[in-house]
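One-letter residues, chain by chain:
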Amino acid sequence: MIMKKISTLILILFIGVLTAQNVEFEKKNFPGRKDELKEALANIKQGNEIFEQGENFYRDALPLYLKAQDFNPNNAWLNFRIGICYLNSFDKKKAFDYIQKAFLLNPQVDPKIRYYTGRVYHLNSEWDKAISEYKMYQSQLKSSQKEEMKDVTKKIDECNNGKVLSQTPIRVWVDNLGPEVNSPYHEYSPVITADESVLMFTSRRPGGVGNKMDEIKNEYFEDIWVSYKSGKRYTQAVDLGPPVNTENHDAAVCLSPDGSKLITYQGASNGGDLFISYLVGKQWSKPENLGKAINTKYHESSASFSYDGKILYFVSDRDGGLGGHDIYYSEINEKGKFEKAVNLGPTINTEYDDEAVYMMPDGKTMYFCSKGHNTIGGYDVFKTTLENGQWTKPENIGIPINTPDDDAFFALAGNGRHAYYSSAALKGYGGMDLYKITILGPEKQPLLNTQDQLIAMAAKPVNNLKTEQAVEPTKPKMTLLKGIVYDAKTNAPLEAILNLIDNEKNIILASFKSNSATGKYLVTLPSGKNYGIAVQREGYLFHSENFILPADADYQEITKDIPLKKIEIGNAIVLKNIFFDFDKATLRPESYNELDRLLKLLTENPSIKVELSAHTDSKGSDEYNMKLSQNRAQSVVTYLISKGIPADRMIAKGYGETQPIDTNDTEEGRQNNRRVEFKIISIK
């Protein structure tokens, strides 16, 4: 039965070769259709003029060639040109039929027909067939054709990489984000907040600012659109509007982890520059050019902030790089200015293009896309981590996320389990669509080994996954802290400054602001530090939190709403970043940042008199706890007196175990009961 099917297939192909006839664009072949022929030839001429400007323009020539193709679908040369154009478009897989047809119509249509036949097999993950075609093309090359030889050798290496990576595919769900996000037009370049609550992306749909159409490409201008997570889905996307979007092309590049800063790309001048916009309440500010340290006369295309906002990683093809586009970084100084950009070096950058940098909010994991390293074709997504000041060797994140096509728009959520990307290979709503990837982790048997299986899984995910229990994927070593800052009395949301402090080094790592309209904040805390969080606003008592995160602490999300109390009689706060030696009243060095905040508050408000109280848990005798708490309260007062605060403005009071705020039956409860409080007792 199998042999019969193979024989039938061979016969069909043989008949196809016999019956396929190349039809030239000549009058004798189209009697009575003079005007249509003239129009087709005009389209070909205009398409050729665009095509001959270089491969960056091939996609622009495609609509013109397709018009001529409608008139005469059986010309080998035109089919070949259309195939090449598709290979340089978002819809690369459409090249397959045109290249194959060109070969059937005329196997000698072009010296590179074998090369391009290899390319279409390559795109279909038919590794061995592609290698065979590449090698046939390679055998035709002369020793002087060094660039061509280098290119085809790389393509063969990519196919061999594909064969290897196909043996150990990663397990993923792939879900289209649906009609709320996707349209019949192109959607790509997704950017997200660390908690996935906000999704922005670039789209070429109608309804944008200006609503302009590129007549040659027959596509709408790019605009940035936004959608918000609601349950398991995203809301209906809306255009972000002015001033971020303009009447020219505007593309999303990077959204800071807390969603307060947006980097955009504007290609109208200067080779393409990066701009930054800030969320002020509910309105985005007018994008500002990132300046000469970042932007040059060359092409700056993508960027990503470090978790603390103090470093910008970005991509440029400026002089002095290691290849085409390279990844650079620039530190932001105390004045908010970018320092001189530094190339990340040969561990990351290759002689080929390295693009689409994305820094995880864990502070050390970077994802980027590259045409170098061990790619399987086009751009692939790679992962590297910063260890002891050095980047590790980039690792191809694998199939099926990486394909033989370009995989260049990739954003990973803070939890490390969800990723967002765009694809034209999967059957969606039209053009490129946005998809959510859920990374399931390894199992005993691989789930996927071809792009076809990925397509099938996206269409019917339940039927294409095995029933074995999923192994939990490795989680990022970080904590995501989020919530709302609000007035403790009125519940009104407040804009406040949140300082992230390294308690051991007594330094401020980063400063953030809660949103003035919603009070929302989001802070990412990489594991391996003792963190202090100080929330401050003029006219209010500050609020402090403490998080001790061991280096091996896995990802967690903590929602903590923060009420701020006004400077009024009777209001009190817990000083959570004051620490003592065990069973002693000796202040530890980690306390000084908190003590200095308290000092600043007392200095700026000289009319207030306060009680500084200390409390213990229920362990130990009542007498011992009362004495220990009194001594600890006095230690705080003594420190403040040494810094110039008059003694008559402060009262030290030890309450021992008499005023618990939590249970004493658990270690967490006892820890909460061991505290120092600050209370306003009078205002002159």
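Reading the values: the criteria
Residues numbered from 1 in each chain as written. Predicted model: local features only at pLDDT ≥ 70, side-chain atom pairs only at ≥ 80, totals over all residues. Heavy atoms only, no water. Helix = DSSP H or I, 4+ residues; strand = E, 2+ residues; numbered from the N terminus. Contact = heavy atoms within 4.5 Å. Areas by Shrake-Rupley, 256 points an atom, 1.4 Å probe, with all protein chains shown as cover. Lys, Arg positive; Asp, Glu negative; His and termini not counted. Charge placed at Lys NZ, Arg CZ, Asp CG, Glu CD. Phe/Tyr/Trp six-rings, centres within 6.5 Å; stacked < 30°, edge-to-face > 60°. Buried < 20%, exposed > 50% of the residue type's maximum accessible area, 1.4 Å probe, protein only. Salt bridge = Lys/Arg side-chain N within 4 Å of Asp/Glu carboxyl O. Pairing = 2+ DSSP bridges. Axes fitted to C-alpha atoms, helices over the stretch in contact; angles between N-to-C directions. Core = buried A, V, L, I, M, F, W, Y, C linked by side-chain atoms within 4.5 Å. Expected span 1.5 Å × (residues − 1). pLDDT = per-residue confidence, 0-100.

### What about the overall build of the protein?
In terms of helices and strands, the protein carries twelve helices and 37 strands. In terms of principal-axis extent, the alpha carbons of the protein reach across some 110 × 55 × 45 Å. Taking as baseline every contact in the protein between residues at least 6 positions apart, the subset at least 24 positions apart corresponds to 58%. With an accessible surface of roughly 32700 Å², the protein has 51% of that area assigned to carbon and sulfur atoms. Taking the average place of the 83 positive charges on the side chains of the protein and the average place of its 89 negative ones, the gap between the two points comes to 1 Å.

### Description of the packing of aromatic side chains
The final tally for this structure, using the stated rule, is 21 aromatic pairs. For the pair Tyr65 and Trp77, a centre-to-centre distance of 6.1 Å together with 85° between the ring planes defines the contact as edge-to-face. Remark: Trp77 occurs in helix α4 (residues 76-87) and Tyr65 occurs in helix α3 (residues 58-71); sequence separation between them is twelve residues. With a centroid separation of 6.0 Å and 25° between ring planes, the pair formed by Phe368 and Phe382 is classed as stacked. Placement of Phe368 in strand β19 (residues 365-370) and of Phe382 in strand β20 (residues 380-387) is noted, with a sequence separation of 14 residues between them. Across the pair, Phe382 and Phe368 agree in class, each one buried.

### Considering unusual backbone geometry
Cis peptide bonds are those with omega within 30 degrees of zero, and the linkage from Pro242 to Pro243 qualifies with 5°. Mapping Pro243 onto the fold places it in the loop between β8 (238-239) and β9 (250-255). With an omega dihedral of 15°, the bond running from Ile399 to Pro400 counts as a cis peptide bond. Topologically, Pro400 is positioned in the loop between β22 (395-396) and β23 (410-412). You will see that Ser125, though not glycine, has its phi angle at about 60°, which is positive. The topology assignment puts Ser125 in the loop between α6 (113-123) and α7 (127-140). Here Ala356, not a glycine, exhibits a phi torsion of approximately 50°, which is positive. In this structure, Ala356 sits in strand β18 (residues 354-359).

### Observations concerning the pattern of salt bridges
Applying the stated criterion to the full structure yields 28 salt bridges. Glu180 is paired through a salt bridge with Arg233; the nearest N and O atoms lie 2.8 Å apart. Note that Glu180 is positioned in the loop between β1 (172-176) and β2 (187-192) and Arg233 in strand β7 (residues 233-234), a separation of 53 residues in sequence. Exposure remark for Arg233: the relative accessible area of 44% places this residue in the partly exposed category.

### Details of the sheet that holds β1
Taken together, four strands build an open sheet; the order of strands is β1-β25-β24-β23 and the sheet is antiparallel. Each edge of the sheet is formed by a strand with only one pairing partner; in this case those strands are β1 and β23. Neighbour-to-neighbour, the strand axes of this sheet turn through a mean angle of 25°, independent of strand direction. As paired strands, β23 and strand β24 (residues 418-423) are joined by three bridges and run antiparallel to one another. Paired with Ala411 across the strands is Tyr420, a residue of β24.

### Here's the deal with the pairing of strand β14 (residues 300-305)
Of all six residues making up β14, six are buried, and the element is well covered by its neighbours. Looking at chain direction, β14 and strand β15 (residues 311-316) are connected through four bridges and run antiparallel. When the bridges of β15 are listed, Glu300 appears paired with Ser316. What sits between β14 and β15 in their antiparallel hairpin is a turn of five residues, with Gly309 showing a positive phi close to 75°.

### Some thoughts on the nonpolar core
Soluble globular proteins: nonpolar side chains tend toward being buried together. Tyr65 and Phe80 are the most contacted members of the largest nonpolar core, which totals 47 residues. At the level of elements, α2 (34-51), α3, α4, α5 (95-105), α6, α7 and α8 (146-165) are the ones that each hand at least two residues to this core. Broken down by element, this core gets its largest block of residues, eight residues, from α4. Leaving out residues up to four positions away in the same chain, Tyr65 has contacts with Ile44, Gly47, Asn48, Phe51, Trp77, Leu78, Arg81, Ile82 and Cys85. Of all hydrophobic cores here, the second largest spans 31 residues; its members include Val174, Val181, Ala356 and Tyr379.

### Quick notes on the sheet that holds strand β37 (residues 675-683)
Read across the sheet, four strands follow the order β34-β37-β35-β36 without closing on themselves; strand pairing throughout is mixed. Every other strand in the sheet has two partners, leaving β34 (572-574) and β36 (650-656) as the edge strands with one partner each. For this sheet, the mean inter-axis angle between neighbouring strands, taken without regard to orientation, is 20°. Pairing of β34 with β37 involves three bridges; the strand directions are antiparallel. The residue of β37 that forms the bridge with Ala572 is Lys679. Packed on one face of the sheet, helix α11 (residues 622-642) meets β35 (608-615), β36 and β37 and runs near 160° to β36.

### With respect to α11
Every α-helix carries 3.6 residues per turn, so stepping three or four residues along brings you back to the same face. The terminal C-alpha atoms of α11, which comprises 21 residues, lie 30 Å apart, in line with the 30 Å expected from a rise of 1.5 Å per residue. Of all the residues in α11, the buried ones are Asn625, Leu628, Ser629, Arg632, Ala633, Ser635, Val636, Val637, Tyr639 and Leu640. Where α11 is buried, its residues meet α10 (592-604), β35, β36 and β37. Immediately beyond the C-terminal end of α11, within one or two residues, lies Gly644, with a positive phi of roughly 105°.

### Observations regarding the confidence of the model for the protein
With 91% of its residues at a pLDDT of at least 70, the protein reaches an overall mean of 87. Scored below 50 in pLDDT, residues 1-18 makes one contact in the model with residues more than four places away or belonging to other chains.

### Structural notes on the environment of Leu78
Tracing the sequence through the fold places Leu78 in helix α4. With 24 residues separating them in the primary sequence, Leu78 and Ala102 have C-alpha atoms 7.9 Å apart.

### So, α8
Spanning 20 residues, α8 covers 28 Å between terminal C-alpha atoms, matching the ideal 28 Å at 1.5 Å per step. Elements that come into contact with the buried residues of α8 comprise α6, α7 and β22.

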